[in-house]
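Fold and contact review
Below are the chains, spelled out letter by letter.
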Amino acid sequence: MKYRNAKRLENGGIDCEIEHSQYGWLPFTCNPADTGALFDVAALYDAMDSDSKIAPYVYVPPAPL
């Protein structure tokens, strides 16, 4: 499966866009424990996890009150 703009999340997931054959590029949050998708999310996660181009998680502190 094709993906782009992947970046790691604080909770260990990966935000990205996946290419759908009918709808084009769709936003997707990849979590290896997800069993509700019609494709192997764990395999997609493993592919992205080993990709050195994925943006790392960057902590953004909350704005002061």
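Preceding this paragraph is the structure being described.
So, a few notes on the structure that sits alongside this text. (Residues numbered from 1 in each chain as written. Predicted model: local features only at pLDDT ≥ 70, side-chain atom pairs only at ≥ 80, totals over all residues. Heavy atoms only, no water.)

**Describing the pairing of strand 2 (residues 14–20)**
Direction of pairing for strand 1 (residues 3–8) relative to strand 2: antiparallel, over a ladder of four bridges. Bridge assignment links Arg-4 to a residue of strand 2, and that residue is Glu-17. Where strand 1 folds back on strand 2, the antiparallel hairpin that results is connected by five residues, among which Gly-12 adopts a positive phi of roughly 100°. Looking at chain direction, strand 2 and strand 3 (residues 24–30) are connected through seven bridges and run antiparallel. Residue pairing for strand 3: Glu-17 is matched across the bridge by Pro-27. What sits between the antiparallel neighbours strand 2 and strand 3 is a turn of three residues. (Pairing = 2+ DSSP bridges. Helix = DSSP H or I, 4+ residues; strand = E, 2+ residues; numbered from the N terminus.)

**What to know about the nonpolar core**
Counting 11 residues, the largest nonpolar core consists of Ala-6, Ile-14, Cys-16, Ile-18, Phe-28, Cys-30, Val-41, Leu-44, Tyr-45, Met-48 and Ile-54. For this core, the elements supplying multiple residues, two or more each, are strand 2, strand 3 and helix 1 (41–49). The leading source of residues in this core is helix 1, at four residues. (Core = buried A, V, L, I, M, F, W, Y, C linked by side-chain atoms within 4.5 Å. Buried < 20%, exposed > 50% of the residue type's maximum accessible area, 1.4 Å probe, protein only.)

**Side note on the sheet that holds strand 3**
With antiparallel pairing, the three strands of this open sheet are ordered in space as 1-2-3. The sheet is open, and its two edges are formed by strand 1 and strand 3, each paired on a single side. Across the sheet, the mean angle separating the axes of adjacent strands is 20° when strand polarity is ignored. (Axes fitted to C-alpha atoms, helices over the stretch in contact; angles between N-to-C directions.)

**Structural notes on the packing of aromatic side chains**
The final tally for this structure, using the stated rule, is one aromatic pair. Pairing Phe-28 with Phe-39 gives two aromatic rings, centres 5.6 Å apart and planes at 50°, and the pair type is tilted. Separated by 11 residues along the polypeptide, Phe-28 in strand 3 and Phe-39 in the loop between strand 3 and helix 1 bring together distant segments of the chain. A relative accessible area of 27% places Phe-39 in the partly exposed class. (Phe/Tyr/Trp six-rings, centres within 6.5 Å; stacked < 30°, edge-to-face > 60°.)

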